Amino acid sequence: MALQTQPGTRPGRGTAPGTAVVPRARTNTFSALLHRHPRLRLAGLLTAPAGWLVLVYVAALAALLITALWTVDTFTGKVTQSWTLANVVQVVTDPVYQIITLRTLWIALAVTVIDMVIALPISFFIAKVATERWQKLLVVAVLMPLWASYLVKAYAWRNVLAEGGLLEWLGTPLGLHSPGYSETAVILTLSYIWLPYMILPIHAGFERVPDSLLEASGDLGAKPWTTMRLVMLPILVPSIIAGTIFTFSLSLGDYITAQIVGGTTQMLGTVVYANVGAANNLPFASAVSLIPIAIVMIYLFVVRRTGALENL
Amino acid sequence: MRLSRSAKSVLGVLTALVLLFIYGPLLLVVVNSFNADRTFGWPPKGFTLEWWGRAFESEGVRQALMASLGVAVVSTAVSLVLGTLLSLALQRYKFFGRDVVNLLVILPIALPGIVTGIALNNMFTTILGVSLSMWTVIIAHATFCMVTVFNNVIARLRRMNGGLEEASFDLGAGVFTTFRLVTFPQLRSALLAGGLLAFALSFDEIIVTTFTIGAGETTLPIWILQNLFRPNQAPVVNVVAVVLILVSIVPIWLAQRLSADSVGVGAGRDGAGRAAKATAG
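Residues numbered from 1 in each chain as written. Chains lettered and ligands numbered in written order. Predicted model: local features only at pLDDT ≥ 70, side-chain atom pairs only at ≥ 80, totals over all residues. Heavy atoms only, no water.

### Overview of the overall build of chain A
Assigned secondary structure in chain A consists of 14 helices and 2 strands. Sequence separation of at least 24 residues holds for 68% of the intrachain contacts in chain A that already meet a minimum separation of 6. (Helix = DSSP H or I, 4+ residues; strand = E, 2+ residues; numbered from the N terminus. Contact = heavy atoms within 4.5 Å.)

### A word on helix H5 (residues 113–128) of chain B
Over its 16 residues, H5 of chain B runs 21 Å from end to end, which matches the ideal 22 Å to within 8%, given 1.5 Å per residue. Among the residues of H5 of chain B, Ile114, Val115, Thr116, Gly117, Ile118, Ala119, Leu120, Asn121, Asn122, Met123 and Phe124 of chain B are the ones counted as buried. Tucked inside the fold, the buried residues of H5 of chain B contact helix H3 (38–67), helix H13 (268–276) and helix H14 (282–303) of chain A together with helix H4 (98–110), helix H6 (134–159) and helix H9 (207–212) of chain B. The first or second residue beyond H5 of chain B is Gly129 of chain B, which carries a positive phi of 70 degrees. (Expected span 1.5 Å × (residues − 1). Buried < 20%, exposed > 50% of the residue type's maximum accessible area, 1.4 Å probe, protein only.)

### Quick notes on the interface of chain B and chain A
Contacts between the two partners involve 94 residues from chain B, matched on the other side by 99 residues from chain A. Where chain B abuts chain A, roughly 9000 Å² becomes buried across the two surfaces, and 78% of that area is made up of carbon and sulfur atoms. Summed over the shared surface of chain B and chain A, the number is 0 salt bridges. Summed over the shared surface of chain B and chain A, the number is 12 residue pairs in polar contact (both at pLDDT 80 or more). With 15 residues, helix H1 (residues 5–32) of chain B is the single largest residue contributor to the side of chain B that touches chain A. (Buried area = accessible area lost by both parts, 1.4 Å probe. Salt bridge = Lys/Arg side-chain N within 4 Å of Asp/Glu carboxyl O. Polar contact = N/O pair within 3.5 Å; in protein donor to acceptor, adjacent residues only side chain to side chain.)

### Some words on the pattern of salt bridges
All told, the structure shown has 5 salt bridges over all chains when counted by the stated rule. Where Arg103 of chain A meets Glu183 of chain A, a salt bridge forms, and the shortest distance between an N and an O atom there is 3.8 Å. Remark: Glu183 of chain A occurs in helix H9 (residues 183–208) and Arg103 of chain A occurs in helix H5 (residues 95–129); sequence separation between them is 80 residues. Take Glu183 of chain A: its relative accessible area is 28%, and that puts it in the partly exposed class. Residue Arg92 of chain B pairs with Glu165 of chain B through a salt bridge whose shortest N-O separation is 2.9 Å.

### A short note on a nonpolar patch on the surface
A cluster of nonpolar residues, Val10, Val13, Leu14, Leu17 and Leu20 of chain B, forms a patch on the protein surface that exposes about 460 Å² of accessible area. Among the structural elements, Val10 of chain B can be located in helix H1. (Patch = residues over 30% accessible without salt bridge, like charges linked within 9 Å, V, L, I, M, F, W, Y side chains within 5 Å. Areas by Shrake-Rupley, 256 points an atom, 1.4 Å probe, with all protein chains shown as cover.)

### Brief notes about the nonpolar core
Core analysis: the largest hydrophobic core is formed by 138 residues, its most contacted members being Ile256 of chain A together with Leu86 and Ile224 of chain B. For this core, the element with the highest residue contribution is H6 of chain B, accounting for 13 residues. Leaving out residues up to four positions away in the same chain, Ile256 of chain A has contacts with Tyr150 and Leu151 of chain A together with Ile206, Ile207 and Leu225 of chain B. In terms of nonpolar packing, the next biggest core, distinct from the first, is built from 29 residues, Ile126, Val231 and Leu236 of chain A together with Leu3 of chain B among them. (Core = buried A, V, L, I, M, F, W, Y, C linked by side-chain atoms within 4.5 Å.)

### A look at helix H10 (residues 211–219) of chain A
In an α-helix, one turn spans 3.6 residues; hence positions three or four apart end up facing the same way. Residue and element names in this part refer to chain A. What H10 keeps buried is the set Leu214, Ser217 and Gly218. All buried residues of H10 fall inside an arc of 100 degrees around its axis, so they share one side. In this fold, the buried residues of H10 make contact with H5 and helix H11 (224–252). Phi for Gly221, located one or two positions after H10, is positive at around 100 degrees. (Arc of directions from axis to C-beta.)

### Overview of the packing of helix H2 (residues 29–36) of chain A against H3 of chain A
All names here are of chain A. At a minimum axis separation of 5 Å, H2 and H3 run at an interaxial angle of 105 degrees. When the axis of H2 is compared with that of H3, the two are roughly perpendicular. Taken together, the residues of H3 that come into contact with H2 (itself represented by Leu33, Leu34, His35 and Arg36) are Pro38, Leu40 and Arg41. Across the contact of H2 with H3, the residue classes tally to 4 nonpolar, 1 polar and 2 charged. (Axes fitted to C-alpha atoms, helices over the stretch in contact; angles between N-to-C directions. Parallel < 35°, antiparallel > 145°, perpendicular 65-115°, else oblique. Nonpolar A, V, L, I, M, F, W, Y, C, P; charged D, E, K, R; others polar.)

### A short note on the side chain of Thr209 of chain B
Residues and elements named next belong to chain B. Secondary-structure assignment places Thr209 in helix H9. Using a relative accessible area of 1% as the deciding quantity, one classes Thr209 as buried. At a separation of 2.8 Å, a polar atom in the side chain of Thr209 contacts the side chain of Glu205. Excluding residues within four positions of it along the chain, Thr209 makes contact with Val137, His141, Thr219 and Ile222.

### A short note on the packing of aromatic side chains
Scanning all chains against the criterion turns up 18 aromatic pairs over all chains. Here a set of aromatic residues connected by ring pairs shows up, and it is made of Tyr150, Trp194, Tyr197 and Phe246 of chain A. (Phe/Tyr/Trp six-rings, centres within 6.5 Å; stacked < 30°, edge-to-face > 60°.)

### Remarks on the confidence of the model for chain A
Residues and elements named next belong to chain A. When pLDDT is averaged along chain A, the result is 81; 87% of the residues meet or exceed 70. Across chain A, element-level confidence peaks in H5 with a mean pLDDT of 92 and bottoms out in helix H1 (residues 22–27) with 49. In the model, residues 1–23 has pLDDT below 50 throughout and makes 30 contacts with residues more than four positions away in sequence or in other chains. (pLDDT = per-residue confidence, 0-100.)

### A look at the confidence of the model for chain B
Residue-level pLDDT values for chain B average 82, and 91% of them are 70 or greater. Per-residue pLDDT stays below 50 along residues 261–281 of chain B; that stretch engages in 18 contacts with residues further than four places along the chain or on separate chains.

### Section: the packing of helix H3 (residues 59–92) of chain B against H6 of chain B
All names here are of chain B. At a minimum axis distance of 5 Å, the contact between H3 and H6 shows a crossing angle of 40 degrees. On the basis of the axis angle, H3 is oblique to H6. In this structure, H3 meets H6 at a crossing whose hand is right-handed. Of the residues in the contact of H3 with H6, the class split is 21 nonpolar, 7 polar and 2 charged. (Left-handed = near helix turned anticlockwise from the far one by under 90°.)

### Looking at the side chain of Asp115 of chain A
The residue Asp115 of chain A is located in helix H5 in this model. Apart from the residues lying within four places of it in its own chain, the contact partners of Asp115 of chain A are Leu190, Ser191, Trp194, Leu195, Met198 and Thr247 of chain A.

### Some details on the environment of Glu183 of chain A
Put simply, Glu183 of chain A and Ala258 of chain A are 75 residues apart on the chain and 7.9 Å apart in space, counted from C-alpha to C-alpha. Leave out the neighbours within four places in its chain, and Glu183 of chain A touches Arg103, Trp106, Ile107, Gly262 and Thr265 of chain A.

See below:
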């Protein structure tokens with residue numbers, strides 16, 4: 001956009017042909033000032049939102065990092081600012097937390113793989129096989145529940161998995177058992193909740209693959225499977241990674257689903273929640289929450305060159 | 001690439017199954033809100049409207065609903081202003097640190113909700129010493145709602161014809177007049193879509209809310225979580241869950257229609273046409 005790059009078009013300069021506009025610009029000197037100084041306009045636009053993000057969010061994240069190095073006075077229950085690495089060391093070395101970290105990673109990974117396996121064929125069907133009329137309908141049908149409450153979705157699975165509930169009723173004739181409220185239930189429910197977040201970027205990715213490319217590949221003798229592997233997949237990689245950022249990172253921080261359908265399953269989020277609430281140990285909760293932050297940051301850093309971040 | 005008929009039908013059946021997987025559990029909640037059986041047993045034992053009646057009479061549910069609506073409206077308003085300013089800054093200007101700001105906006109949704117929740121909780125209670133209230137919830141919600149507004153507006157700005165604004169400046173309109181008569185009319189549907197998404201996002205948010213809400217205060221999702229494990233309340237929770245589905249899906253449906261509208265080239269031209277008329281008039 002070249003709004004500010006053509007000095008000739010600025011009113012109030014002698015070179016401008018439309019001298020009639022000059023008095024009008026003078027009537028509102030502040031507006032004229034802004035017009036003459038793009039940097040000032042930028043400052044006006046940027047100050048409030050960037051200030052908000054920095055003051056509210058960045059400051060909060062930084063404070064979290066610092067609080068992890070403080071302790072709680074066991075007598076008063078208040079946070080005291082005596083510096084210690086004990087919290088962080090305990091989180092990293094205590095086998096209890098190592099197991100919980102590994103379990104959380106496993107759940108996030110399983111959810112991501114399941115969603116990827118489901119999302120790829122569905123998005124392919126919607127973007128490349130279905131007729132145009134169906135395409136629109138299907139996109140809306142898949143995306144609508146994306147925004148339905150996370151809580152309600154977890155709650156819906158509590159209904160499905162309930163003793164004597166729908167899943168048991170469906171599974172009994174086939175000789176299958178409902179997983180009940182367990183770790184498997186957490187994986188199932190989280191896959192359900194985050195599925196649209198995987199479909200959305202992958203579908204957008206398939207839309208960007210030109211049909212002519214697929215036809216060319218077919219004309220040159222490639223079987224559909226080969227075309228998918230050698231033509232479509234490389235184009236899709238950023239979209240797939242964008243989807244995994246959501247499913248992986250959102251699963252990493254979960255504790256509500258674990259609470260609702262997990263039975264006794266403990267995740268990192270469960271530990272954080274317990275330490276903010278019942279145990280009232282904010283420094284330790286902060287230390288635990290550094291694990292998902294570190295993992296997500298590493299993941300974002302690793303994938304940033306693939307162009308996935310632009311596909312979010 | 002030519003797919004065989006059977007491959008196509010296999011894909012079609014798979015898609016149908018996934019849709020069933022997506023909608024089945026949600027429909028089950030709707031059905032169970034009319035189920036005479038208290039324990040989610042399947043098949044339902046009988047039809048009853050008792051739970052809906054009890055939910056409508058419940059004072060707790062009504063208060064929670066009002067609180068949720070209030071929080072959603074205020075945080076949507078804040079995020080509309082901040083999101084629009086930010087998207088104008090990032091789309092129209094190149095400056096040092098632009099990429100950092102770009103990353104900053106998506107951070108509140110890219111990091112797990114629990115991280116945002118505990119970070120804000122810690123800042124309010126430990127660092128600032130502010131007691132938690134509905135206002136801390138609103139600040140938290142506005143922070144992540146900003147992203148949906150930002151995304152919608154910046155997508156529109158990228159497609160917009162900058163020539164119209166230049167013409168407006170050339171004709172002597174000031175910065176504010178141009179925004180009011182030229183830029184804003186073209187952004188209107190994007191703002192509405194972004195605002196509706198932000199509203200829905202805030203209305204049913206639970207994780208960040210849990211960490212930033214004052215003691216004794218409830219929003220609708222918090223009410224559900226508090227009553228979820230009480231066997232006595234379970235059927236009423238079903239009703240509230242259905243209400244939550246409806247209140248969050250209707251705005252989304254509207255937003256989808258609005259943004260689908262604006263994706264088409266024709267609609268975009270129409271919008272530009274209207275804007276041109278507005279300037280002329």
